[in-house]
Amino acid sequence: MASSEFQPLQGMSDIGVPEIWLWQMIEQRARTLFSCYNYEELRTPSLEKLSVFKRSIGDTTDVVQKEMYSFIDRGGRELALRPEGTAGTIRHLAGRGEEGLNARVFYIAPMFRCERPQAGRKRQFHQVGVEATGVPNPLADAECIALQQHLLEEWGLTGSKIQISTRGELSDRQPVADGLRNALQPHLSDLCSDCQRRINENVLRVIDCKNKNCGKIVDQIPSPVDFMSEESRQYLDTVIHTLKKMGIEVELNPKLVRGLDYYVHTVWEITHGALGAQNAIAGGGRYEIALGKKGVPGVGFAMGMERVITSLESCGVTADQFVPSDGIWLISLGEKALIENMKIARKLREKGLRCGMDLEVKSMKAQMRKANKARVKKVIICGEDEMAKGILLVKDMNEGSQEELSLEDVIRDA
RNA sequence: GUGAUUGUAGCUCAGUUGGUUAGAGCGCCUGAUUGUGGUUCAGGAGGCCGCGGGUUCAAAUCCCGUCUUUCACCCCA
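Small disclaimer: the values here were computed from a predicted structure and weren't measured.

**Student:** Any chance you could explain the sheet that holds strand β3 (residues 70–72) here in plain terms?
**Tutor:** Strand pairing in a sheet is mediated by backbone hydrogen bonds. Such pairs are either parallel or antiparallel. Read from one edge of the open sheet, three strands run β2-β4-β3, paired in antiparallel fashion. Where the open sheet ends on each side, the last strands, each with one partner, are β2 (47–49) and β3. Direction aside, neighbouring strands of the sheet carry axes that sit 35 degrees apart on average. Against the sheet, helix α2 (residues 50–57) touches β2, β3 and β4 (78–81), its axis set at about 75 degrees to β2.

**Student:** It is not clear to me how the pairing of strand β14 (residues 378–382) should be interpreted in this structure. Could you clarify?
**Tutor:** Among the five residues of β14, four are classified as buried, and the element is accordingly described as predominantly covered. Note that strand β12 (residues 328–332) and β14 share five bridges and pair parallel. Paired with Trp-329 across the two strands is Val-379, which belongs to β14.

**Student:** What exactly am I supposed to notice about the packing of aromatic side chains here?
**Tutor:** Ring pairs (aromatic) are described by centroid distance and by the angle formed between their planes. Going through the model one piece at a time under the given rule, you end up with four aromatic pairs. Considering the side-chain rings of Phe-34 and Tyr-39, the 6.4 Å spacing of their centres and the 50 degrees angle between planes classify their relative orientation as tilted. Per residue, the accessibility class of Phe-34 equals that of Tyr-39, and both read buried. Judged by centre distance (5.7 Å) and plane angle (65 degrees), the rings of Tyr-262 and Tyr-287 are edge-to-face.

**Student:** Would you mind going over the pattern of salt bridges with me for this structure?
**Tutor:** Pairing of side chains with opposite charge becomes possible as their charged atoms draw close. Under the counting rule described, the total for this entry stands at 22 salt bridges. Of the charged contacts in the structure, one is a salt bridge between Asp-141 and Arg-286, with a shortest N-O distance of 2.9 Å. Of this pair, Asp-141 sits in helix α5 (residues 138–155) while Arg-286 sits in strand β10 (residues 280–291); the two residues are 145 residues apart in sequence, bridging distant segments of the chain. Relative accessible area serves as the criterion here: at 1%, Arg-286 is assigned to the buried category. Between Arg-181 and Asp-178 there is a salt bridge, with its nearest N and O atoms 3.9 Å apart. On the criterion of helical spacing, the pair formed by Arg-181 and Asp-178 is a turn pair, its members being three residues apart in helix α6 (residues 173–184). Arg-181 gets classed as partly exposed once you look at its relative accessible area, which sits at 23%. Note on Asp-178: relative accessible area 34%, which makes it partly exposed. Through salt bridges with shared partners, one network takes in Arg-31, Glu-41 and Arg-43.

**Student:** Can you help me understand empty space enclosed by the protein in this one?
**Tutor:** To find leftover empty space, a probe the size of one water molecule is rolled over the atoms. For the coordinates displayed, the defined rule picks out one cavity of 30 Å³ or more. The class makeup of the residues in the lining of the largest cavity is four nonpolar, three polar and two charged.

**Student:** Would you mind showing me how to read the environment of Asp-358 here?
**Tutor:** Note on placement: Asp-358 falls in the loop between β13 (355–357) and α13 (364–373). Take Asp-358: its relative accessible area is 5%, and that puts it in the buried class. With residues near it in sequence (within four places) discarded, Asp-358 still touches Trp-329, Leu-330, Leu-338, Gln-367 and Lys-370.

**Student:** For this particular structure, what's the right way to read unusual backbone geometry?
**Tutor:** With glycine set apart, most residues show a phi of negative sign, and most peptide bonds adopt trans. The linkage connecting Val-17 with the following residue, Pro-18, adopts the cis geometry, with an omega of 5 degrees. Within the secondary structure, Pro-18 sits in the segment before α1 (19–36). Notably, His-265 is not glycine yet its phi reads approximately 60 degrees, a positive angle. Secondary-structure assignment places His-265 in strand β9 (residues 263–272). The backbone of Arg-375 sits at a positive phi, close to 55 degrees, despite the residue not being glycine. Tracing the backbone through its elements, the reader meets Arg-375 in the loop between α13 and β14.

**Student:** Before we go on, may I ask you to explain the sheet that holds β13 in this structure?
**Tutor:** Strand order in the open sheet formed by five strands is β13-β12-β14-β15-β16, and the pairing between neighbours is mixed. The open sheet is flanked by β13 and β16 (402–405), the only strands paired with a single partner. This sheet shows a mean twist of 25 degrees between the axes of neighbouring strands, independent of strand direction. Across four bridges, the pairing between β14 and strand β15 (residues 392–396) is antiparallel. By the bridge assignment for β15, Ile-381 is matched with Leu-393.

**Student:** I tried to follow the side chain of His-265 on my own but got confused; where do I start?
**Tutor:** The class for His-265 is buried, based on a relative accessible area of 6%. Residues within four places of His-265 in sequence aside, it is in contact with Ser-165, Thr-166, Arg-167, Gly-168, Glu-169, Ser-232, Tyr-235 and Arg-286.

**Student:** It is not clear to me how the protein's contact with RNA strand B should be interpreted in this structure. Could you clarify?
**Tutor:** Near RNA strand B, the surroundings consist of 54 residues, among which Arg-113, Arg-205, Arg-258, Gln-278 and Gln-402 are the closest. Glu-67 is positioned such that a nitrogen or oxygen atom in its side chain is 3.1 Å from a sugar or linking oxygen of RNA strand B. Counting only elements with at least two residues in the surface near RNA strand B, the list comes to α3 (62–66), β6 (124–133), β10, β11 (294–304), α13, α14 (384–389) and β15. Taken together, the residues that form the surface near RNA strand B break down as 18 nonpolar, 16 polar and 20 charged.

**Student:** Quick question: what am I supposed to make of the layout of surface pockets here?
**Tutor:** Looking at the second largest pocket, its volume works out to about 300 Å³. In terms of lining, the second largest pocket is formed by 15 residues, of which the most central are Ser-13, Ile-15, Trp-23, Lys-122 and Glu-306. For the lining of the second largest pocket, the elements supplying multiple residues, two or more each, are α1, β6 and α11 (305–314). Looking at the lining of the second largest pocket element by element, the count peaks at four residues for α11.

Scoring rules and cut-offs
- Residues numbered from 1 in each chain as written.
- Chains lettered and ligands numbered in written order.
- Predicted model: local features only at pLDDT ≥ 70, side-chain atom pairs only at ≥ 80, totals over all residues.
- Heavy atoms only, no water.
- Pairing = 2+ DSSP bridges.
- Helix = DSSP H or I, 4+ residues; strand = E, 2+ residues; numbered from the N terminus.
- Axes fitted to C-alpha atoms, helices over the stretch in contact; angles between N-to-C directions.
- Contact = heavy atoms within 4.5 Å.
- Buried < 20%, exposed > 50% of the residue type's maximum accessible area, 1.4 Å probe, protein only.
- Phe/Tyr/Trp six-rings, centres within 6.5 Å; stacked < 30°, edge-to-face > 60°.
- Salt bridge = Lys/Arg side-chain N within 4 Å of Asp/Glu carboxyl O.
- 1 Å grid on protein atoms, 1.4 Å probe; cavity = no way out; pocket = protein on both sides within 12 Å on 5 of 7 lines; lining within 4 Å.
- Points joined across faces, edges and corners; volume = space filled by probe spheres on them.
- Nonpolar A, V, L, I, M, F, W, Y, C, P; charged D, E, K, R; others polar.
- Near = heavy atom within 4 Å.
- Polar contact = N/O pair within 3.5 Å; in protein donor to acceptor, adjacent residues only side chain to side chain.

Pasting the structure below:
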C-alpha cells in the first residue's frame, strides 16, 4: 500500500476477499446455533451516552477511563462509541420492563477501543456475544458456557481452554479485599512497584500480575474464593458440576480476574495458545447492572472475532475453504450472443444460481480463463451456431465434458 | 500513554560504502492458424521507493518530523 490516502485509520481495517469468507462462515453458523438455543438478535446503536458505559462497566475501569472514544457532540452531549456490547444491550432490555428481565439476545457487532494496536487488538474490532437476563441461577451460567463451547465447536476450533472462577456476591467484595490485603501485607516489600500501588486501588489485580516474584507470593496466600461466603462457593460448585454432567471440560482457576465492575458470581475466560500476549478469545460472566433504580441481573459472554479467526487459522480453518465454488459462467461469442446471455443470466439468477459473464466481447480463451478463476462448476457457451440451433453448449469444468442442452435442462440440472 | 519495529509494483520481497533509464518471483494482460480454462512457452502493462522537510553536485539509501505496520508493557475480547 503506497499511499496513506487509501489506508483506514490506525488499528482499523477493511475486511474483504478472501478473509470475508471466513467471517461469513462464522456469522452464519453463529446465527444458526443461537437460534437453536432460543436467542434473538438485537442490534443496538454504536453510539451511546457516555453514562451508559460509566455506570455499568465501572467509572474507574481502564476500559472507561482510558480506552473509550468519547466526545461532546454539537448539542453538548457526552457520548461514546461502545467499547463492549453488554452495557447497551442491558440499557435496551431494562427499558423493556418485565420482558426485558427475562430475555435472551445475541449480537454480532463492531466495538471500539482507542488503544495502541497489537496482536489480537484492534481499535475497531468485532464481538459476537449473548446476554441472558434473569435472577442468578447456576444452571443459566452453565448453559451459557455450554453454548459458547458449542459455538467454538461449530466453527471448528480446537485447542481452546475454558477457565472458570467466581467473584462472589456483592457482599463478598469487602471480605475478599480485606482478606487479600491482610495476606499480602507481610510480603509488601517483595511485590513489584505496580502491585504495591494496586494493593490499595484494586487488590484483585495483584492476583493476576505477570511478574514472577508476585506470582510466587500469590501462590502462597489464599485465593479470593477462600474469603467468600459458603453460598458463593456453593454456587460455583453447582455451575462446574452441571457442566461436567453435560460433558464440558472446564478448569477451575481461582486466580482468574475479570476487570469489569459489573460481574458477580461466575466469571470465565476462554484462551487459545495461538494468540500471543492477548490470549483470551472470549470472556464472560454473571453480572448485575444498575440502571436508574433498577438492577438488571444476567449472564453473558463476548468473543473477539479477530482473535477467534487467528485461532481458527492456526488450527487449519482458513478462508479459502469457504470460497463459493458452484455456479455458472456464460461465454458469449459475438455481440448478439452477449445480449442473449444477458437474458439467460437473468433467468438463471431468478432461480437463485450464482452466475457470471463478461459484459464485452472478448476472446473465448480470455472468457474461459475468467470462468476458471470464478471457480464455477459449469460454463455455458453461446455463439452463432448455438443460437441458430436454439440450444446451449454446456461444459462441465471439472470433467471437461460438453453437451448440448436447452435452457430448461440447465436450470433443472443446476 | 511508555518502549521497540516497519513502509519499494496488485501480493511477497531484493536494492551493495549515497551515483545515471529502481529489480525478482507470483499475479495480471496479449499471443502460440478457425470457437475451449488449469500446464508449458514467448511478449507486455504496471512504481508520489508512505508523506513533508533538510544535508548533498547527486537520496529508495543519510538526518529531522509526521502518518502507518508489527510487537511488548498496561488493560481487555
